[in-house]
Amino acid sequence: MSWIFGSSSSATPPQPSTPQNGSVQVDSESPAGTGAQGRILRVRIGPSFSTLDTYNVNEDSVPQFIDSPYFVGNIAVRVKNFRGITPEGTPALPDTPYFGTRRRLFSIQLQGRFKHEHSTDDVVFGAEFEQKVNPPTGAWLAMKFANMIDPALLADLYAEKPWLYSPMLCSMNIANVVKASTPGSSLSGVATHSQMKATEPNPLYKPAGTEEWSLSLKKAKAAGSGVKNVPSDVIGEWKWGGEKELEEKNELLIPEFLDEPKFPSGGVAERRKYFGVKSHREDATFSPDYVYNLEIFAPFIDLNTFDLNLGINVNLIRYLNNQPIRLVCKSLSKNIPFFIVEFDLQKEGSADGASDYEVANE
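Residues numbered from 1 in each chain as written. Predicted model: local features only at pLDDT ≥ 70, side-chain atom pairs only at ≥ 80, totals over all residues. Heavy atoms only, no water.

Digging into the packing of aromatic side chains
Following the criterion strictly, the structure yields 12 aromatic pairs and no others. Note on F114 and F286: the rings are 4.8 Å apart at their centroids and 40 degrees apart in plane angle, and the pair reads as tilted. In this pair, F114 is assigned in strand 5 (residues 106-114) and F286 in strand 11 (residues 285-286), connecting sequence segments 172 residues apart. Taking relative accessible area as the criterion, F114 reaches 1% and is therefore assigned buried. On the basis of relative accessibility, which here comes to 0%, the residue F286 falls in the buried class. (Phe/Tyr/Trp six-rings, centres within 6.5 Å; stacked < 30°, edge-to-face > 60°. Helix = DSSP H or I, 4+ residues; strand = E, 2+ residues; numbered from the N terminus. Buried < 20%, exposed > 50% of the residue type's maximum accessible area, 1.4 Å probe, protein only.)

Description of unusual backbone geometry
The residue N321 is not glycine, and still its phi comes out positive at about 55 degrees. The topology assignment puts N321 in the loop between strand 15 (313-315) and strand 16 (325-331). If you check the backbone angles, N335 has positive phi at about 60 degrees while not being a glycine. With respect to the helices and strands, the residue N335 is situated in the loop between strand 16 and strand 17 (336-347). Its relative accessible area of 5% is what places N335 among the buried residues.

Remarks on the sheet that holds strand 13 (residues 301-302)
In sheet architecture, strand pairing relies on hydrogen bonds along the backbone and comes in two forms, parallel and antiparallel. Taken together, 3 strands build an open sheet; the order of strands is 13-14-15 and the sheet is antiparallel. The sheet is open, and its two edges are formed by strand 13 and strand 15, each paired on a single side. Of the strand pairs in this sheet, strand 13 and strand 14 (residues 307-309) are connected by 2 bridges, and their pairing is antiparallel. In the strand pairing of strand 14, D302 is matched with D307. (Pairing = 2+ DSSP bridges.)

Description of the sheet that holds strand 9 (residues 163-167)
In space, the 7 strands of this open sheet follow the order 2-1-17-16-7-9-8, with antiparallel pairing throughout. Where the open sheet ends on each side, the last strands, each with one partner, are strand 2 (53-54) and strand 8 (154-156). Note that strand 7 (residues 123-128) and strand 16 share 6 bridges and pair antiparallel. The residue of strand 16 that forms the bridge with V124 is K330.

Dropping the structure here:
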């Protein structure tokens, strides 16, 4: 889903599973807007699927702090014309000066540090689903088109647990990196190397309480949000909100080439193109010694309704089987989550209860 939530640049994706029926059909059964009647949006953020907290959307000067054995940071979510569920019934903020006259319909912005060094090829961002989805007939053709737009996209819509991912530095619209004020070795609540090795590449999502959770995921669950580190001490002050937006400043993505940069400091397209090459991603790392300020935004999907407009208007609710859209940043090789942002459409009046998907899977 990275090509919907932000574009990227070249890499060679693995061959996905193919549907049994390869015919093409225009989606005439799901006009935009019809699937979301009587539903309102809830946005939750956390370091693991069992530690998600409801976020006050569009309060972009007050991000949500998360802290796990793998990642520590702030995350803010903006949704244009938001009219959904808020923490403890606080009034919904329908807008923020951030949007202004821009065509953007949403924004996810983060400020954080990885607690271990990771290859930039291994850190991905995208969507995962716990159960099968029902792509419209001909979706495989849409995916081929998506790969033309986003060659770094990795996806399998027809898997038992569908997924769509792109390398983090290809997905993000904005990348801004600064040197942390404290060394990575000073971070607390860090998973040990043995715990990192103990993590097996099983499906990321496990219902809370199952014995299949790896030790490291249990540690992430126990860590919760913001229990170890003080935000300003480890990642600095959050300087954004309203009209003050994040700007590209990417030279510290590969600090060893400061004297001979591989791409302009403010060059978004050049940065994406560079990291679209797999060998370039394998040679670069995310380091605990740096604070990564990243943002992704797009004008294609209204998250208030799950209406998607890519030339044809489609409502995604029934194709997702009422599942939420869960955007995950994780280590692809170890299946370790860094953070999750969940968009879930709940029936009006159920703000304090579970979603249709949660009720069906109790």
